[in-house]
Amino acid sequence: QVQLVESGGGLVQAGGSLRLSCASSGRTFSSYGMAWFRQIPGKERDFVSGISYRGGTTTYADSVKGRFTISRDNAKKTVSLQMNSLKPEDTAVYYCAQSRTAVAVTGVAAISAWGQGTQVTVSS
């Protein structure tokens, strides 16, 4: 069972930046797409960004395009999310996720493993 551990969340002012990281314990990390989702209490878990198994394909939610950048390091078995120009509406718990396949996915149903989540709070 793969374990995903996120780090890098915190409190930041609007316009600031944060970098989230996710470390995987899986031996086959480089075979699977990875993604970031976020969730506000009482709401559904929403897609933020996805990346294919080698990093050649990336996808983003419209709300974060041009501000967030996803990347991965297969040698270190990590995936990162660089978040710039943060807005108060970006406040949420952010979850790292592993896809069931090698592609960059966008849906919750395509996820086989989740991290425990890390809180990001953007103050106005």
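Read on for an overview of the structure. Within any chain, residue numbers begin from 1 and follow the written order of that chain's sequence. Local features in this predicted model are restricted to residues of pLDDT 70 or higher, and side-chain atom pairs are both shown and tallied only at a pLDDT of 80 or more, whereas totals for entire chains, interfaces and linings draw on every residue. Excluding hydrogens and water, the side-chain figures rest on all heavy atoms present in the structure.

Our next topic: the side chain of S80. Secondary structure is summarised from DSSP: a helix means a run of H or I of at least four residues, a strand means a run of E of at least two, and numbering begins at the N terminus for each. You can see S80 is positioned in strand β8 (residues 78-83). Summary of the burial criterion: residues with accessible area below 20% of their type's maximum are buried, those above 50% are exposed, and those between are partly exposed, where the area comes from a 1.4 Å probe applied to protein chains only. Judged by relative accessible area, S80 falls into the buried class, the value being 9%.

What follows concerns the pattern of salt bridges. We define a salt bridge as a side-chain nitrogen of Lys or Arg found within 4 Å of a carboxyl oxygen belonging to Asp or Glu. Evaluated as defined, the whole model comprises three salt bridges. The shortest N-O distance in the salt bridge between R38 and D90 comes to 2.9 Å. Highlighted residues: R38 in strand β4 (residues 34-39) and D90 in the loop between β8 and β9 (92-99), separated in sequence by 52 residues. The buried category is assigned to R38, whose relative accessible area is 13%. Among the residues examined, D90 registers a relative accessible area of 1% and is labelled buried. In this structure, the salt-bridge partner of R67 is D90, at a minimum N-O distance of 2.7 Å. With a gap of 23 residues between them, R67 in the loop between β6 (58-60) and β7 (68-73) and D90 in the loop between β8 and β9 connect regions that are remote in the sequence. Comparing R67 with D90, the two get one shared label, buried.

Before going further, it helps to spend a moment on unusual backbone geometry. Among all residues except glycine, the phi angle is most often negative; among peptide bonds, the trans geometry is most common. Positive phi outside glycine occurs at K77, with the angle close to 55 degrees. Structurally, the position occupied by K77 is in the loop between β7 and β8. Given a relative accessible area of 26%, K77 falls into the partly exposed group. Positive phi values are uncommon outside glycine, yet S85 reaches one of about 50 degrees.

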